[in-house]
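Secondary and tertiary structure notes
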Amino acid sequence: MALFPNQKTIQIRRTLPHENFMVIDRTNWIIAAKRLTYSAFKLWMFLCSYGTRDMAIGPAYIKQCIGISESSYRDAMKELEKYEYITQVQKSTYLFNEFGRPMEEDE
């Protein structure tokens, strides 16, 4: 592997869990990390971690779980909706997906 002077080689050694883990497509998390604010990305990761299931969330629960304030939670939800990571299907029901809208539509 050829390296530039400002690069480092990192050898990754991980213990892969047998339960309580998530798998996220590399392209999806890179795009989310580039386009989302810190709080929105934390919320996106939190939602990805729950796999396929229905869950009830709100500002207090999210603050307890990932430490973002109520206003940051509300801003993050708006941001996830803006990029189509969540879509409203009923008054208080949203559908989450990890891929959002295509990146080229951001411009």
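Preceding this section is the structure that the text describes.
All of the points below concern the structure found in this document. All values reported here derive from a predicted model rather than from experimental measurement.

Moving on, we come to the packing of aromatic side chains. Summed over all chains, the structure comprises 3 aromatic pairs. Ring centres of phenylalanine 46 and tyrosine 61 lie 6.2 Å apart, and the angle between their planes is 70°; on these two criteria the pair is classed as edge-to-face. Linking phenylalanine 46 in helix α2 (residues 38–48) with tyrosine 61 in helix α3 (residues 59–66), this pair joins segments that are 15 residues apart in sequence. Members of the aromatic cluster, joined through ring pairs, are Phe41, Trp44 and Tyr85.

Attention now moves to the side chain of asparagine 97. Relative to the assigned elements, asparagine 97 resides in the segment after β2 (93–96). At a separation of 3.1 Å, a polar atom in the side chain of asparagine 97 contacts the main-chain amide nitrogen of phenylalanine 99. Excluding anything up to four places from it in sequence, asparagine 97 contacts Trp44, Glu84 and Tyr85.

Before going further, it helps to examine the packing of α2 against α3. In a pair of packed helices, the angle between the axes and the distance between the axes together describe the arrangement. Here α2 crosses α3 at 90°, and the two axes come no closer than 11 Å. The angle between α2 and α3 falls in the class roughly perpendicular. For the pair α2 and α3, the contacting residues are Lys42, Leu43 and Phe46 in the first and Tyr61, Ile62, Cys65 and Ile66 in the second. In terms of residue class, the contact of α2 with α3 is built from 6 nonpolar, no polar and 1 charged.

The subject of this paragraph is the environment of threonine 87. Its location among the elements puts threonine 87 in strand β1 (residues 86–90). The spatial distance from the C-alpha of threonine 87 to the C-alpha of asparagine 97 is 8.8 Å, given a sequence separation of 10 residues. The residues contacting threonine 87, other than those within four sequence positions of it, are Thr93, Tyr94 and Leu95.

With 19 residues, the main nonpolar core has Leu36, Leu43, Trp44, Ile62, Leu80 and Tyr85 as its most contacted residues. Elements supplying a minimum of two residues to this core: α2, α3 and α4 (70–82). Here this core takes 6 residues from α2, the largest share from any one element.

Definitions and limits used
- Residues numbered from 1 in each chain as written.
- Predicted model: local features only at pLDDT ≥ 70, side-chain atom pairs only at ≥ 80, totals over all residues.
- Heavy atoms only, no water.
- Phe/Tyr/Trp six-rings, centres within 6.5 Å; stacked < 30°, edge-to-face > 60°.
- Helix = DSSP H or I, 4+ residues; strand = E, 2+ residues; numbered from the N terminus.
- Polar contact = N/O pair within 3.5 Å; in protein donor to acceptor, adjacent residues only side chain to side chain.
- Contact = heavy atoms within 4.5 Å.
- Axes fitted to C-alpha atoms, helices over the stretch in contact; angles between N-to-C directions.
- Parallel < 35°, antiparallel > 145°, perpendicular 65-115°, else oblique.
- Nonpolar A, V, L, I, M, F, W, Y, C, P; charged D, E, K, R; others polar.
- Core = buried A, V, L, I, M, F, W, Y, C linked by side-chain atoms within 4.5 Å.
- Buried < 20%, exposed > 50% of the residue type's maximum accessible area, 1.4 Å probe, protein only.

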